[in-house]
Amino acid sequence: MMFLILFLSLRLTYDCSVAAHNILVFLPNPIRSHYVQVEPIFLSLAHRGHNVTVVSPFPPKEEISNLRHISLKADRAEELIPPPNWMEWTLTNRLFNLNFWKIRADLNIPQVLESSVYRDLTRNDNKFDLIFTELFFGFEPLAVLGHIFQAPVVTYASYGYNPDILRYIGAANGVAYLPHFELDYAGPMSLLQRLENALIQFSVMLYNEYWYYRGMTLCLLSIFQGLFRALRICYGIRRCFSSLPTPHELNDIMDKAKKGVIYFSFGTLLKASNIRKEIAQTFLTVFGQLDQTILWKADLKYTDWDIPKNVYMRDRFDQISILAHPNCVLFLTHGGVSSMMEAIKNAIPVIVVPFFADQNINAANAQYLGYGLHLSYRNLTQQSLRWAITAVLRDSRFKASVERASEVFTDKPMSSLDSSVYWIEYVIRHSGAHHLKPPTVHMPWYQLFFLDVIVVYFVAFCLILYIFKQVISLLFLRLLFVTKSSKAKVN
């Protein structure tokens, strides 16, 4: 009882005694799925009394008096280098090119920092206590905002981790056991997998450190005519939303689905209209043979297809509410990190059809940990799709595994949203919370991997070996000389 009273008093203190701070949320990335991951965080910060300035292409869901939204969309890279059809790209590619992010940054960063929005922020004597931004997708150089406004920078990982995040949180040696986020490895890696993983991770790490970031330093110097401080990533923040009330029509469909509902969505970036016609027909044919009700988030035209009676197709669904509904029995997904977290939270088994980036490793982990199956888009057929759906629905081990994962995922002292808000305010209270950064953050990569120590010991070993060889040679020659002298005296 005393513990409960203490916990409630601490929560009350946390909820009420908050000093208002000025927070800049700088998210010009035009990909909406990255934005919606963290929108509840800065809305919550505004509700707690902080003065929040949001720079993004997407207006917030709520109008709050102390939340100011400024529209800015960094889309020069998309305009000059149109993104590929990711559905087709995955058929012939496995990994992004090494310079993929640098090319985007070379176009988007000057567009952002030369914009009137940026000029107004810096010329109107705006003072910020904290900068919240995403240092990914070619926006890594935005860490310079911390230098410009003399404020700590909090960033988040919208996809998990990559060599940069490992490097700048001081965990680059995680390469030994963490696969690169574009590889479909799960569990302990074999020697061949570790060789490939090390080659990719270190190639990316060294390329970024000695070409990408140094090149962006020159770019920023040309814009600011000043000094640019090295990138430092502070913290990663992940989200998990609460479910919203299900719309009446959708709720009615799901309540009447006696055999359950299968939800099918490839996220916001991957459009169903880009799926090859024969593959889209494969989905519809298999869906029509099932007893379950299918909700498919797709931008396809109804008139172009023969839609089975059990398939409801919309260009937008409330994914969180669908997965939270008790009649949802399966999630057919591309494997984005948000979708995977929402499925685990609601204990919904998955079939993952990955296309690029972290989707591959998310699919591999789902199959390795037993709460889903990895289905290759390259080899997708009616037989493979029907087998995967039947296997997950009939084998109770998938549901049991995801229920265990959900228990672990949701067992925490406060919600993910409250935790995120707490640590953001913690960083402000402690002026960047530099005491939480491990010393490895500031160590050169060759020291972190003991390369300098190994070289010194190797040189010392070679030197000792050389001296030993020379001593042995001298002793041998001396012994030989003494033997010859003895023979000469005898003769």
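In case you missed it, the structure is sitting above this.
This write-up is about the structure you can find in this document. The structure presented is a predicted model; accordingly, all values stated were derived computationally and were not measured.

1. Overview of the sheet that holds strand β4 (residues 130–133)
Strand order in the open sheet formed by 5 strands is β3-β2-β1-β4-β5, with parallel pairing between adjacent strands. Edge positions in the open sheet fall to β3 (67–71) and β5 (153–155), since each of these has one partner strand only. In this sheet, neighbouring strand axes are inclined to one another by 20 degrees on average, regardless of whether the strands run parallel or antiparallel. Note that strand β1 (residues 22–26) and strand β2 (residues 51–56) share 5 bridges and pair parallel. Opposite L24, over in β2, you have T53 as the bridge partner. Each of β1, β2 and β3 is contacted by helix α6 (residues 116–123), which is oriented at about 140 degrees to β3, the strand it contacts most. Contacts from helix α17 (residues 416–429) reach β1, β4 and β5, with the element oriented near 140 degrees to β4.

2. Here we look at the packing of helix α11 (residues 277–288) against helix α15 (residues 382–394)
Between α11 and α15, whose axes approach to 9 Å, the crossing angle comes to 45 degrees. Judged on the interaxial angle alone, α15 and α11 are oblique. Crossing hand, α11 versus α15: right-handed. Two secondary-structure elements touch here, α11 through T282, F283, T285, V286 and F287 and α15 through Q382, L385, R386 and I389. Its residues assigned to classes, the contact of α11 with α15 shows 5 nonpolar, 3 polar and 1 charged.

3. Digging into the environment of R167
Tracing the sequence through the fold places R167 in helix α8 (residues 163–168). When its relative accessible area of 5% is taken as the criterion, R167 is described as buried. Separated by 42 residues in sequence, R167 and E209 place their C-alpha atoms 9.8 Å apart. Beyond its immediate sequence surroundings of up to four residues, R167 is in contact with A172, M205, E209, T440, V441, M443, P444 and W445.

4. Remarks on the nonpolar core
Counting 78 residues, the largest nonpolar core has F283, F287 and W296 as its most contacted members. At 6 residues, α11 tops the list of elements feeding residues into this core. Those residues in contact with F283 that lie beyond four places of it in its chain are F264, F266, W296, L332, L380 and L385. In terms of nonpolar packing, the next biggest core, distinct from the first, is built from 25 residues, L27, V52, F58 and Y156 among them.

5. A closer look at the pattern of salt bridges
Taken as a whole and judged by the stated rule, the model has 6 salt bridges. R94 is the partner of E196 in a salt bridge, and the nearest nitrogen-oxygen pair spans 2.6 Å. Of this pair, E196 sits in helix α9 (residues 191–224) while R94 sits in the loop between α4 (86–92) and α5 (100–113), and the two are 102 residues apart along the sequence.

6. Re the sheet that holds strand β7 (residues 293–297)
Strand order in the open sheet formed by 6 strands is β8-β7-β6-β9-β10-β11, and the pairing between neighbours is parallel. The sheet terminates laterally at β8 (311–314) and β11 (372–374), the two strands that pair on one side only. Recorded for the sheet is a direction-independent mean angle of 15 degrees between the axes of neighbouring strands. Where strand β6 (residues 261–265) and strand β9 (residues 328–333) come together, 5 bridges link them in parallel fashion. In the strand pairing of β9, V261 is matched with C328. Running over the sheet, helix α10 (residues 248–255) touches β6, β7, β8 and β9 and is turned about 145 degrees from β7. In the packing of helix α13 (residues 337–345) onto the sheet, the strands contacted are β9 and β10 (350–352), and the crossing angle to β9 comes to about 165 degrees.

7. Here's the deal with unusual backbone geometry
A positive phi angle, near 60 degrees, is found at A347, a position not held by glycine. Residue classification places A347 among the buried positions, given a relative accessible area of 11%. Positive phi values are uncommon outside glycine, yet S431 reaches one of about 50 degrees. A relative accessible area of 56% places S431 in the exposed class.

8. Some thoughts on the side chain of H50
Mapped onto the elements, H50 comes out in the loop between α2 (32–47) and β2. Using a relative accessible area of 0% as the deciding quantity, one classes H50 as buried. Of the polar contacts made by the side chain of H50, one reaches the backbone nitrogen of H21; its length is 3.1 Å.

9. Description of the environment of G370
Relative to the helices and strands, G370 is located in the loop between α14 (359–369) and β11. Here G370 falls in the buried class, since its relative accessible area comes to 19%. Not counting residues within four places of it along the chain, the set of residues in contact with G370 comprises R397, F398 and S401.

10. Notes on the side chain of E39
Its place among the elements puts E39 in helix α2. For the buried E39, which has no salt bridge, the nearest side chain bearing the opposite charge is K61, at an N-O separation of 4.2 Å. Within the structure, the side chain of E39 is placed 3.0 Å from the backbone nitrogen of K61, a separation counted as a polar contact.

11. Remarks on α6
Restricting attention to buried positions, one finds in α6 the residues V117, Y118 and L121. All buried residues of α6 lie within an arc of 95 degrees about the axis, which places them on one face of the element. Trailing α6 by a residue or two, D125 shows a phi angle of about 55 degrees, which is positive.

12. Side note on a nonpolar patch on the surface
A grouping of L463, Y466, I467, F468, V471, I472 and L475 is seen on the molecular surface, where their side chains present a nonpolar patch of about 700 Å² in accessible area. Here F468 is to be found in helix α19 (residues 451–490). The class for F468 is exposed, based on a relative accessible area of 54%.

13. Quick look at the packing of α13 against helix α16 (residues 396–410)
Where α13 meets α16, the closest approach of the two axes is 7 Å, and the angle between their N-to-C directions is 100 degrees. With respect to each other, α13 and α16 are oriented roughly perpendicular. Contacts from M341, A343, I344 and K345 of α13 reach α16 at V402, A405, S406, F409 and T410. Of the residues assigned to the contact of α13 with α16, the class counts are 6 nonpolar, 2 polar and 1 charged.

Criteria and thresholds
Residues numbered from 1 in each chain as written. Predicted model: local features only at pLDDT ≥ 70, side-chain atom pairs only at ≥ 80, totals over all residues. Heavy atoms only, no water. Pairing = 2+ DSSP bridges. Helix = DSSP H or I, 4+ residues; strand = E, 2+ residues; numbered from the N terminus. Axes fitted to C-alpha atoms, helices over the stretch in contact; angles between N-to-C directions. Contact = heavy atoms within 4.5 Å. Parallel < 35°, antiparallel > 145°, perpendicular 65-115°, else oblique. Left-handed = near helix turned anticlockwise from the far one by under 90°. Nonpolar A, V, L, I, M, F, W, Y, C, P; charged D, E, K, R; others polar. Buried < 20%, exposed > 50% of the residue type's maximum accessible area, 1.4 Å probe, protein only. Core = buried A, V, L, I, M, F, W, Y, C linked by side-chain atoms within 4.5 Å. Salt bridge = Lys/Arg side-chain N within 4 Å of Asp/Glu carboxyl O. Polar contact = N/O pair within 3.5 Å; in protein donor to acceptor, adjacent residues only side chain to side chain. Lys, Arg positive; Asp, Glu negative; His and termini not counted. Arc of directions from axis to C-beta. Patch = residues over 30% accessible without salt bridge, like charges linked within 9 Å, V, L, I, M, F, W, Y side chains within 5 Å. Areas by Shrake-Rupley, 256 points an atom, 1.4 Å probe, with all protein chains shown as cover.

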